[in-house]
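If you want the building blocks of each chain, they are given just below.
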Amino acid sequence: MLASETFSVERTAPEVNSNAQVVYGNSNWNTSITGSTPDILPVRTWEIESGACFTEQDVRSGAKVCVIGKTVATELFGYSDPIDATIRIKSIPFRIVGVIKPKGANSWGQDQDDVILVPVTTAQRRLVRFGTRVDGVRRINVQAKDRDSVETAKEEVRSILRQRHKLTDGVEDDFQIRDLTQALENAASTANVMGLLLGAVASISLLVGGIGIMNIMLVSVSERTREIGIRMAVGARPSNVRVQFLTEAVVLSLLGGIIGISSGIGVSKAITQFLSWPTVISMQSVVIAVGFSAFVGVFFGFWPAWKASNLDPIDALRTE
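Report follows, based on the coordinates. This is a predicted model, so every value here is computed, not measured.

1. Description of the packing of aromatic side chains
Next up, step 1: Taken as a whole and assessed by the stated rule, the structure comprises two aromatic pairs.
Next up, step 2: Ring plane angle 40 degrees and centroid distance 4.3 Å describe the contact between Tyr24 and Phe77, whose orientation is recorded as tilted. Here Phe77 lies in helix α3 (residues 70–77) and Tyr24 lies in strand β1 (residues 9–24), a separation of 53 residues in the sequence.
Next up, step 3: Residue Tyr24 is classed as partly exposed on the basis of its relative accessible area, which comes to 32%.
Next up, step 4: Their ring planes at 25 degrees and their centres at 5.8 Å tell us that Phe295 and Phe299 sit as a pair that is stacked. Here the residue Phe295 and the residue Phe299 both occupy positions in helix α9 (residues 283–309), the gap between them amounting to four residues, near one helical turn.
Next up, step 5: Using a relative accessible area of 52% as the deciding quantity, one classes Phe299 as exposed.

2. So, the nonpolar core
Next up, step 1: Core analysis: the largest hydrophobic core is formed by 38 residues, its most contacted members being Ile68, Ile87, Ile89, Ile116, Leu117 and Val118.
Next up, step 2: At the level of elements, β1, α1 (40–43), β4 (65–68), α3, β5 (86–89), β6 (92–100), β7 (115–119) and α4 (120–127) are the ones that each hand at least two residues to this core.
Next up, step 3: Top contributing element to this core by residue count: β6, with six residues.
Next up, step 4: Setting aside its immediate chain neighbours within four residues, Ile89 contacts Ala20, Gln21, Val22, Ile33, Phe94, Ile116, Val118 and Leu127.

3. So, a nonpolar patch on the surface
Next up, step 1: On the surface, a cluster of nonpolar side chains totalling about 510 Å² of accessible area is made up of Leu206, Ile288, Phe292, Phe295 and Phe299.
Next up, step 2: With four residues, the top contributor of residues to the nonpolar patch is α9.
Next up, step 3: With respect to the element layout, Phe292 can be found in helix α9.

4. Brief notes about the pattern of salt bridges
Next up, step 1: Counted by the stated rule, this structure contains eight salt bridges.
Next up, step 2: A salt bridge links Arg95 to Asp84; the shortest N-O distance between them is 3.2 Å. With Arg95 in strand β6 and Asp84 in the loop between α3 and β5, the pair connects residues that are 11 residues apart, well separated along the chain.
Next up, step 3: Note on Arg95: relative accessible area 38%, which makes it partly exposed.

5. Structural notes on the packing of helix α7 (residues 225–233) against helix α8 (residues 238–275)
Next up, step 1: Between α7 and α8, the shortest axis-to-axis distance is 10 Å and the interhelical angle comes to 140 degrees. On the basis of their axis angle, the class for α7 and α8 is oblique. As α7 runs across α8, the sense of the crossing is right-handed. Each of Glu227, Ile228, Arg231 and Met232 in α7 lies in contact with α8, whose residues at this interface are Asn240, Val241, Gln244 and Phe245.
Next up, step 2: The residue inventory of the contact of α7 with α8, partitioned by class, reads four nonpolar, two polar and two charged.

6. Observations concerning the state of the cysteines
What we call a disulfide is simply a covalent bond connecting the sulfur atoms of a pair of cysteines.
Next up, step 1: With the rule as written, the count across this model stands at zero disulfides.
Next up, step 2: Among the cysteines around Cys53, which has no disulfide bond, Cys66 carries the closest sulfur, lying 11 Å off.

7. Considerations on α7
Along an α-helix, residues three or four apart share an orientation, since each turn contains 3.6 residues.
Next up, step 1: Buried within α7 are the following residues: Thr225, Ile228, Gly229 and Met232. Around the axis of α7, the buried residues are gathered within 100 degrees of arc, so they sit on the same side.

8. Some points on unusual backbone geometry
Next up, step 1: You will see that Lys90, though not glycine, has its phi angle at about 50 degrees, which is positive.
Next up, step 2: Here Lys90 shows up in the loop between β5 and β6.

Definitions and limits used
Residues numbered from 1 in each chain as written. Predicted model: local features only at pLDDT ≥ 70, side-chain atom pairs only at ≥ 80, totals over all residues. Heavy atoms only, no water. Phe/Tyr/Trp six-rings, centres within 6.5 Å; stacked < 30°, edge-to-face > 60°. Helix = DSSP H or I, 4+ residues; strand = E, 2+ residues; numbered from the N terminus. Buried < 20%, exposed > 50% of the residue type's maximum accessible area, 1.4 Å probe, protein only. Core = buried A, V, L, I, M, F, W, Y, C linked by side-chain atoms within 4.5 Å. Contact = heavy atoms within 4.5 Å. Patch = residues over 30% accessible without salt bridge, like charges linked within 9 Å, V, L, I, M, F, W, Y side chains within 5 Å. Areas by Shrake-Rupley, 256 points an atom, 1.4 Å probe, with all protein chains shown as cover. Salt bridge = Lys/Arg side-chain N within 4 Å of Asp/Glu carboxyl O. Axes fitted to C-alpha atoms, helices over the stretch in contact; angles between N-to-C directions. Parallel < 35°, antiparallel > 145°, perpendicular 65-115°, else oblique. Left-handed = near helix turned anticlockwise from the far one by under 90°. Nonpolar A, V, L, I, M, F, W, Y, C, P; charged D, E, K, R; others polar. Disulfide = S-S within 2.5 Å. Arc of directions from axis to C-beta.

Geometric values such as these leave the question of function open.
Following this line, the structure appears as structure tokens:
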């Protein structure tokens, strides 16, 4: 095992892959079959939702057991408990020992829950047909002990693989080592760019909405000029008029904010329900949205409120 021969590797998980039609009763589903060891779960950051993972003893004996993803469980069993049920993969019976907690789609849009895990030796001997060699794998997932150990781990793995493949100095590697750290950084960079674009769109939307509120309030001031004059004539001060119109502008913008927040929560729930994409709605974002709504109301409502408070009472009372 690579982990026992290196200082920087935490754990490894060999992997062989295939696609197969899976049958249970009258239901069938085409999914991805991954042969590996129990370490595939922490390496791929999967967690067991119910049941348990297969064991190292299952790997050594080539047991016909499997762990299924949530998508497979839903397609074959609906809402029934699949633990200890027997499914057929390429006409071979496999007993389900566990169900993986759902993760949703990855950054490439691939459903991470549409998978079945089986012991690597079982996959080699019965599903992928690499023969009986337990080292005949196409991929090895390697997890470094920490972020600072990634480069060291890559060099250690490269050295060990060159020795095992009997490659002499000057001969190019006949394997590839892919570092997902760069992919994660690229994904984070893409997410930042998308965040800036969404922020720009939101800013334009706030500007347009604020201008709409200001126009509505200006029209309201024009239509209620006589009302303003009557209020001033009976003793209302300019500050009272400003507070009145600012309050109306804030209430108007808050109503729009509440409608927007409700719509956003509804769309997020629908995405999670129908596309299995995980969405998170934090209370902090809701509070910030409400605060921005109030700010827009105050900012764009100030000019109409100021205009209303500076009307001459006599001229306002003459307005028809």
